[in-house]
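Residue-level structural notes
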Amino acid sequence: MPNVPPASGLPRRDQIRKEAARLFAARGFLGVGVDEIGKAVGISGPALYRHFAGKDAMLADLLVGISERLLEEGRRRAGGNEGPAAALDALIGGHVDFALDDRDLITLHDRELLNLREEDRRTVRRLQRAYVELWVDVVRQAYPPLAAPSAEPVARASVHAVFGLINSTPHSHGPNPAQGDERVGLPRDAMAALLHSLAHGAFSAAAEAVAAEAVAADTARAAAEAARAETGAGARA
């Protein structure tokens, strides 16, 4: 669902999704009426109810739908046969594409998740947890120092940090034509390459930190053992 004006070739339901996401992101879920969404796609507000039960259903469709899409696409990308490094590269590429092409949905998720019904919010959280676990598993395979049981929290923290980095795109990448944004920013491809590089850098830094900590721990243990041996030798003398 890229951020562009509705296209007449799109099915009506998809047009409604696009415009609802754009308007909710621009003015907030509570600040947009059904009639406005209908007007944006060229139909009356009441006609929207042929496609969605109401605004709550639209929001659920958008947020549950993108969570399902991310997980499905993530599983597809991680399931290749090129190895964990290629799988991680593909995962990063997919999430970067989402962040650059679906900025309205990121904004929507950040601001409007609490406006979902409890059941829908639990569904989103469940899908998100599965998506995170997928990434954690691939990251730990791609960076062997993170595969150690003790390094699992670091791997998980690095995944969340990378999500935070990539998902900050709506606030750092401009312009966003869908919102009338005229800021000057990096071109899309340049921004994608930068995010890709920064994500790999974050995982590499996490792995290096764990490896350095392991070396320091081994050095400390060796020094302690040497000290104990020297103390024992002195006592025997």
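Residues numbered from 1 in each chain as written. Predicted model: local features only at pLDDT ≥ 70, side-chain atom pairs only at ≥ 80, totals over all residues. Heavy atoms only, no water.

Another point: the layout of surface pockets. One number sums up the size of the largest pocket: a volume of about 450 Å³. Here the lining of the largest pocket gets seven residues from one element, more than from any other, and that element is helix H7 (residues 118–142). (1 Å grid on protein atoms, 1.4 Å probe; cavity = no way out; pocket = protein on both sides within 12 Å on 5 of 7 lines; lining within 4 Å. Points joined across faces, edges and corners; volume = space filled by probe spheres on them. Helix = DSSP H or I, 4+ residues; strand = E, 2+ residues; numbered from the N terminus.)

Here we come to the packing of aromatic side chains. This structure, assessed with the given rule, holds six aromatic pairs. With a centroid separation of 4.9 Å and an interplanar angle of 75 degrees, the aromatic rings of Trp135 and Phe163 are classed as edge-to-face. Placement of Trp135 in helix H7 and of Phe163 in helix H8 (residues 152–167) is noted, with a sequence separation of 28 residues between them. You can call Trp135 buried: its relative accessible area is 0%. On the numbers, 6.4 Å between centres and 45 degrees between planes, the contact of Trp135 with Phe203 is tilted. One end of the pair, Trp135, is in helix H7; the other, Phe203, is in helix H10 (residues 188–236), with 68 residues separating them in the sequence. Of the two residues, Trp135 and Phe203, neither departs from the other in class, the shared state being buried. Its guanidinium or amino end placed over the ring of Phe52, Arg13 lies 4.0 Å from that ring's centre, counting from NZ or CZ. Its guanidinium or amino end placed over the ring of Phe29, Lys55 lies 4.4 Å from that ring's centre, counting from NZ or CZ. (Phe/Tyr/Trp six-rings, centres within 6.5 Å; stacked < 30°, edge-to-face > 60°. Buried < 20%, exposed > 50% of the residue type's maximum accessible area, 1.4 Å probe, protein only. Lys NZ or Arg CZ within 6 Å of the ring centre and 35° of its normal.)

Moving on, we get to the nonpolar core. One finds Phe24, Ile37, Trp135, Leu146 and Phe203 to be the most contacted residues of the largest nonpolar core, which totals 62 residues. At 10 residues, helix H4 (residues 55–78) tops the list of elements feeding residues into this core. For Trp135, the residues in contact, after removing those within four places along its chain, are Leu88, Leu91, Ile92, His95, Val159, Val162, Phe163 and Phe203. (Core = buried A, V, L, I, M, F, W, Y, C linked by side-chain atoms within 4.5 Å. Contact = heavy atoms within 4.5 Å.)

A separate point is the packing of helix H5 (residues 84–101) against helix H6 (residues 103–112). Two quantities define a packed helix pair, namely the angle between the helix axes and the distance between the axes. Two elements in contact, H5 and H6, have axes whose closest approach is 5 Å; the angle formed by their N-to-C orientations is 90 degrees. Comparing their axes, H6 and H5 come out roughly perpendicular. The segment H5 lies against H6, with Phe98, Ala99, Leu100 and Asp101 engaging Arg103, Leu105 and Ile106. Of the residues belonging to the contact of H5 with H6, the class tally is five nonpolar, no polar and two charged. (Axes fitted to C-alpha atoms, helices over the stretch in contact; angles between N-to-C directions. Parallel < 35°, antiparallel > 145°, perpendicular 65-115°, else oblique. Nonpolar A, V, L, I, M, F, W, Y, C, P; charged D, E, K, R; others polar.)

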